[in-house]
Amino acid sequence: MAKKLLLIDGNSVAFRAFFALHNQLDRFVNADGLHTNAIYGFNTMLDHMIKAVKPTDMLVAFDAGKTTFRTAMYDNYKGGRAKTPGEFSEQMPYLKELLTARGIQHYQLKDYEADDIIGTLAGQADAAGYTTTIVTGDRDLTQLTTANTTVAVTVKGVSEVERYTPEHVQEKLGITPTQIIDMKGLTGDTSDNYPGVTKVGEKTALKLLKQYGSIEGVYENVDAMKKSKMKEHLIEDHDLAVRAKVLATIKRDAPITVKLADLAYDGPDTEKLIACYEQLGFESFLKKLKTQTATPAKPIAFTELTKANIAELAQFTKHVTFYLEMPTPNYHTSAFAGFAIGDEDKWYVSRNVELLLEPVAKDLLTSMTVTKDVFDMKRTMVGLNRLGIQLGKVDFDLLLVSYLLDTNDNSNDLGRLAEQHGYPDLQSDEVVYGKGVKRAIPDDDQRFFGHLAHKLAAISALKPQLLKDLEANEQAPLYDDIEKPLANVLAQMEMAGITVDSSRLKAMGSQFKERLSEIEQTIYQEAGEEFNINSPKQLGHILFEEMKLPVIKKTKTGYSTAVDVLEKLAPQAPIVANILRYRQISKIQSTYVEGLLDAIHSTDQKVHTRYLQTLTQTGRLSSVDPNLQNIPVRVEEGRRIRQAFVPSHPDWQIFSSDYSQIELRVLAHITHDENMQAAFKAGDDIHAATAMRIFKLDSPADVTPNIRRQAKAVNFGIVYGISDYGLSQNIGITRKAAHNFIEAYFTEYPGVKAYMDAIVKQAHEQGYVETIAHRRRYLPDIHAKSFNLRSFAERTAMNTPIQGSAADIIKIAMIRMQNKLKESGLQARMLLQVHDELIFEAPKEEIPTLEKLVPSVMDSAVQLEVPLKVESHFGDTWYDAK
DNA sequence: TTCTTCACG
DNA sequence: ACGTACGTGAAGAAC
């Protein structure tokens, strides 16, 4: 096999890494107080280069010390340099340990620099027919490039490199790699502190070399040059130039004791590397390592299920573990790859899901007495439903339970989740199936079936402990009475889907298209040139550089062109209003017209969203493929998108009910604040009531719309975990004024103040906060040293019980609602949930019934210290249900 | 992939 | 003195 050698200039790259991550020096400290930023950056570079080069041989060269043969000939060589920071030096021994653990040799040689080791080895490698890549932060090493040796110079930190080949050197400088030495001879090097010829810089040097080829060539011809200052300097500084050339020349014959033949790279010693990463506190590298090198699958016994032995499934009479494999995330459309079923005594597996339709299998799955343990019951239900099977009683859903125990455990990868809970024998899907375009179900039965059997084994093995943990957290009712029944309800809603009138959408689409091209032309005229209006970068260039509008806000990567910025600029240039208009329509067009059209199933003209039940940190649902929880409503133009959401039968209507102010009512409940509760009990307008209190108004008549708007913002701010700065930004007042509002608010609602203090304290003490249904959110950052992280965690502590309890309430209402619909024999169907709102379709005749039934179910879902209020609307489309 | 922007509660 | 409102998903551009 062709040999590929990777040579790394250790000191140079480590130094680059150190300064690239210098502003984060404090973040990169391990448990022992050791700085690790240079090691971290170095390691990133290694991953990068190994992936890019795939070396067969490797070595990292280091400088041996301060004195070298160069300092011997010129004692000011590299003189005058700033002292190496202690935070850097302390990392070097650990870097070398890391290299050893990674199976990479390192070498240093007394009296020589790393360059010379590299130059010598690269020369030997060239002669032996290797392909060599040299990594360094020092451009001088480009003198080593040959047809078979590339020099990769780090730019912008260490993860990005510029590759120098002889052609690239020629292109950039117009000289050959070896002429680089002559150039350095003429110019000298300020960073290494040796002079060349006075007044000769890169430009002049290049010109001379193009004409005369080398330093020697220059001096052979110096007498013939016409009289000039440069000629005088050349003659005068001849010795300096000759010395500089020697100093700049990298040795190709250093007396190294390391042999080219001994540099084989065979990958890391995983165990050592893990220990190393642990010591350094490199969490992300640990994680990466574990996914890459998961221990080979442990053998597991399984039986392939066939028609011949399917009768054996009758042995499962009490409970069974089941897993249905669908290779893509969208279970409404995914193919079926196979399944596994069984218990600790025997795992059965097959690729043929048709077998599930055999009576013995189907009876087992639909049974309400034989309980099922699964991973992701909603996914399983929808998948089975497509095969014509109704999943019966589920006892344990590993995904749901681990999410409830810790909302961060929401990985849809059973392998990773199992590992987190201390079951190491299951590989992740990424390892077994691959990722990206290479993802595929293995043809190898052993491998695929073994993986499926391990999945069942993991579900089964983790069940007892996780259920015990749930019990210990007082979360069993949350699981049994809310999340598990809810999974069922959500599955039915998703399968029902909602009908979308595609011709209506298309008609809107062509209108928007016309409008867009009109506005586009106007914008081009106003800008004086054509550009991509959707590109924040190009737009920023036009507005802030060409048109010189004032920069109001910057992002990490450039000028901000967000709405709030553009609104401030609008009075100054007419183009801005047009851009806002363009953005608005373009958003509706791309996301809602085109996006929604793509999501319609051709079979039934419906969209079938998936609600993610185990994702959010607060207990809310989220909706994907398509997201039906962010269909426009605030602006009329976008709102018309809702006209395309229609009932699935003629003479049916869309019916919707929403909770009014549910979060503030929850706030009044959990804070026990008497004043706030009184307002809700009296049926007052809460924002007006707040306005009267914080602005000390006597009569409701004094509450102007603007005052009410401000009070509303304060109410919202409280729910979000208020800060004076945030409030001031939101309603455009000074920070001081915002501060005063908040003070007044807390004086008027003392219960709220007491609660906010208490919940933050509680979060500090126990590390988590809870909702009324004992949903838990851990807040590790509550102890962070960083003000930012800690403040964020404190705001979260205030917000999560409110947002999360509201989520609990509507979940309970949904379960009861679905039961009511079934009991009452109504045809109405619950289709969507949008956080505080439920949307149904129903025959016209049932609307009066729903108008009573739905609000009564929703407002009685839980008993709070304040009443819950529900409002209902209906109409021929979702748009008309207002 | 990551960033920016913008749609919703 | 620090630099933020809470929770989401999708599209398009740039890397």
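Remember, predicted model here, so these are calculated numbers, not experimental data.

Along its length, chain A carries 35 helices and 25 strands. Over its C-alpha atoms, taken along the principal directions, chain A stretches across nearly 110 × 80 × 55 Å. Taking as baseline every contact in chain A between residues at least 6 positions apart, the subset at least 24 positions apart corresponds to 67%. For chain A, the computed accessible surface area is about 41,000 Å², with 51% contributed by carbon and sulfur atoms.

Turning our eyes to something else, we now look at the pattern of salt bridges. Counted under the stated rule, the structure contains 38 salt bridges. Asp140 is the salt-bridge partner of Lys184, the closest N and O atoms lying 3.1 Å from each other. In this pair, Lys184 is assigned in helix 8 (residues 179–187) and Asp140 in the loop between strand 4 (131–136) and strand 5 (149–155), connecting sequence segments 44 residues apart. Ionic contacts of the salt-bridge type, sharing partners, join the residues Glu483, Arg775, Asp808 and Lys811 into one network.

With that out of the way, let us pick up the protein's contact with DNA strand C. The local shell around DNA strand C holds 37 residues, among which Asn532, Ser535, Ser622, Tyr725 and Phe792 are the closest. Within the contact set of DNA strand C, a sugar or linking oxygen lies 2.8 Å away from a side-chain nitrogen or oxygen of Asn627. Between Arg777 and DNA strand C, the recorded distance is 2.9 Å, taken from a side-chain N or O atom to a phosphate oxygen. Secondary-structure elements contributing two or more residues to the surface near DNA strand C are helix 23 (536–546), helix 25 (574–599), strand 18 (622–624), helix 30 (705–720), helix 31 (724–731) and helix 34 (787–823). The element best represented in the surface near DNA strand C is helix 34, accounting for seven residues.

Let us now look at the nonpolar core. Considering soluble globular proteins, one finds that nonpolar side chains tend to be buried as a cluster. Grouped together as the largest cluster of nonpolar side chains are 187 residues, with contacts concentrated most on Leu356, Ile641, Phe645, Tyr659 and Tyr745. Here this core takes 13 residues from helix 34, the largest share from any one element. Each residue touching Ile641, except ones within four places of it in the same chain, is listed here: Leu505, Met508, Ile588, Tyr592, Val593, Leu596 and Ile631. Judged by nonpolar contacts, the second largest core, of 44 residues, contains Leu121, Ile180, Leu209 and Ile250.

Around DNA strand B sit 21 residues, and of these Thr561, Arg583, Lys587, Val633 and Arg634 come closest. Of what DNA strand B places within 4 Å of the protein, 79% of the atoms are sugar or phosphate. Backbone polar atom of Lys556 to a phosphate oxygen of DNA strand B: 3.2 Å apart, as the coordinates give it. The backbone of Val563 places a nitrogen or oxygen atom 2.9 Å from a phosphate oxygen of DNA strand B.

Next up on the list: the side chain of Glu841. Within the secondary structure, Glu841 sits in strand 24 (residues 837–843). Among the polar contacts listed, one links the side chain of Glu841 to the side chain of Ser648, at a separation of 2.8 Å. Among all residues touching Glu841, those that are not within four sequence positions of it are Val646, Pro647, Ser648, Trp652, Gln653, Ile654, Ala828, Arg829 and Leu831.

This part covers a nonpolar patch on the surface. Residues Met73, Val242 and Val246 make up a contiguous nonpolar surface patch of about 220 Å² in total accessible area. Along the chain, Val246 falls in helix 12 (residues 238–248). Val246 sits in the partly exposed class, given a relative accessible area of 39%.

The next subject is the packing of helix 17 (residues 398–405) against helix 20 (residues 445–472). Direction vectors running N to C along helix 17 and helix 20 enclose 35°, while the axes themselves pass 10 Å from each other. Of the two elements, helix 17 crosses helix 20, and the hand of that crossing is left-handed. Packed against helix 17, whose contacting residues are Leu398, Val401, Leu404 and Leu405, the element helix 20 presents Ile459, Leu462, Leu466, Leu467, Asp469 and Leu470 at the interface. Of the residues assigned to the contact of helix 17 with helix 20, the class counts are nine nonpolar, no polar and one charged.

Here the focus is the sheet that holds strand 12 (residues 346–350). Spatially, the six strands line up as an open sheet ordered 9-12-11-10-13-14, and their pairing is mixed. On the outer flanks of this sheet lie strand 9 (303–304) and strand 14 (394–397), each paired with one strand and no other. The sheet contact formed by strand 10 (residues 319–325) and strand 11 (residues 338–343) spans five bridges and is antiparallel. Paired with Tyr323 across the bridge in strand 11 is Ala340. The strands touched by helix 16 (residues 377–386) within the sheet are strand 10, strand 13 (371–374) and strand 14, with strand 10 carrying the most contacts at an inclination of about 75°. Set on the sheet, helix 20 makes contact with strand 9, strand 10, strand 11, strand 12, strand 13 and strand 14; between it and strand 10 the angle comes to about 130°.

Counting buried positions along strand 24 gives seven out of seven residues, so the element sits mostly inside the fold. Taking every second residue as pointing to the same face, both faces of strand 24 are buried, with Glu837, Ile839, Glu841 and Pro843 on one and Leu838, Phe840 and Ala842 on the other. As defined by bridge partners, strand 20 (residues 652–660) adjoins strand 24 across seven bridges and the pair is classed as antiparallel. Pairing of Ser656 across the sheet is with Ile839, part of strand 24. Note that strand 23 (residues 829–833) and strand 24 share four bridges and pair antiparallel. Its bridge partner being in strand 24, Met830 is matched across the sheet by Phe840. Joining the antiparallel neighbours strand 23 and strand 24 is a turn of three residues, in which His835 adopts a positive phi near 70°.

So, on to the UniProt feature "domain: 3'-5' exonuclease" (unreviewed entry) in chain A. If you check UniProt for "domain: 3'-5' exonuclease" (unreviewed entry), the listed places come out as residues 297–471 in our numbering. Secondary structure content for residues 297–471 is 37% helix and 16% strand, while the C-alpha to C-alpha distance between its ends is 32 Å.

What follows covers helix 9 (residues 202–212). Burial in helix 9 covers these residues: Ala205, Leu206, Leu208 and Leu209. The buried side chains of helix 9 occupy one side of the element, clustering within an arc of 165° when seen end-on. Pointing more than 90 degrees away from the buried face of helix 9 are the exposed residues Lys203, Lys207, Lys210 and Gln211. Residues of helix 9 that are buried in the fold lie against helix 7 (166–173), helix 8, helix 10 (215–220) and helix 11 (229–236). Gly213 sits one or two residues past helix 9 and shows a positive phi near 90°.

Most of strand 20 sits inside the fold, with nine of its nine residues counted as buried. Strand direction decides the pairing type here: strand 20 and strand 25 (residues 869–875), joined by seven bridges, are antiparallel. The partner of Ser660 across the bridge, within strand 25, is Lys869.

The end-to-end C-alpha distance of helix 34 is 54 Å, a good match for the 54 Å that 37 residues give at a rise of 1.5 Å each. For helix 34, the principal kink sits at Asn799 and spans about 35°; a proline, Pro801, occurs within the next four residues. The positive-phi residue at the C-terminal boundary of helix 34 is Gly825, with phi of around 70°.

On to the domain arrangement of chain A. What the domain assignment reports for chain A is domain 1 (1–173 + 257–287), domain 2 (178–250), domain 3 (303–473), domain 4 (499–607 + 615–646) and domain 5 (663–805). On a C-alpha basis, the centres of domain 1 and domain 3 stand 47 Å from each other.

The next thing to look at is the packing of aromatic side chains. Applying the stated criterion across every chain yields a total of 20 aromatic pairs. Residues Tyr433 and Phe448 carry aromatic rings whose centres are separated by 6.3 Å and whose planes lie at 50° to one another, so their mutual orientation is tilted. One end of the pair, Tyr433, is in helix 19 (residues 429–433); the other, Phe448, is in helix 20, with 15 residues separating them in the sequence. On the basis of an interplanar angle of 35° and a centroid distance of 5.8 Å, the ring pair of Phe448 and Phe449 is categorised as tilted. Per residue, the accessibility class of Phe448 equals that of Phe449, and both read buried. Cluster of aromatic residues (ring-pair linked, three or more members): Phe302, Tyr433, Phe448 and Phe449. Seen from the ring of Tyr74, Arg243 lies directly overhead, with NZ or CZ sitting 3.7 Å from the centre. Sitting over the ring of Phe449, Arg351 keeps its end group 5.6 Å from the ring centre.

Basis of the calculations
- Residues numbered from 1 in each chain as written.
- Chains lettered and ligands numbered in written order.
- Predicted model: local features only at pLDDT ≥ 70, side-chain atom pairs only at ≥ 80, totals over all residues.
- Heavy atoms only, no water.
- Helix = DSSP H or I, 4+ residues; strand = E, 2+ residues; numbered from the N terminus.
- Contact = heavy atoms within 4.5 Å.
- Areas by Shrake-Rupley, 256 points an atom, 1.4 Å probe, with all protein chains shown as cover.
- Salt bridge = Lys/Arg side-chain N within 4 Å of Asp/Glu carboxyl O.
- Near = heavy atom within 4 Å.
- Polar contact = N/O pair within 3.5 Å; in protein donor to acceptor, adjacent residues only side chain to side chain.
- Core = buried A, V, L, I, M, F, W, Y, C linked by side-chain atoms within 4.5 Å.
- Buried < 20%, exposed > 50% of the residue type's maximum accessible area, 1.4 Å probe, protein only.
- Patch = residues over 30% accessible without salt bridge, like charges linked within 9 Å, V, L, I, M, F, W, Y side chains within 5 Å.
- Axes fitted to C-alpha atoms, helices over the stretch in contact; angles between N-to-C directions.
- Left-handed = near helix turned anticlockwise from the far one by under 90°.
- Nonpolar A, V, L, I, M, F, W, Y, C, P; charged D, E, K, R; others polar.
- Pairing = 2+ DSSP bridges.
- UniProt positions renumbered as here; feature names shortened; annotations may be inferred.
- Arc of directions from axis to C-beta.
- Expected span 1.5 Å × (residues − 1).
- Bend = angle between axes of the 7 residues up to and from the residue.
- Domains from an automatic or database assignment.
- Phe/Tyr/Trp six-rings, centres within 6.5 Å; stacked < 30°, edge-to-face > 60°.
- Lys NZ or Arg CZ within 6 Å of the ring centre and 35° of its normal.

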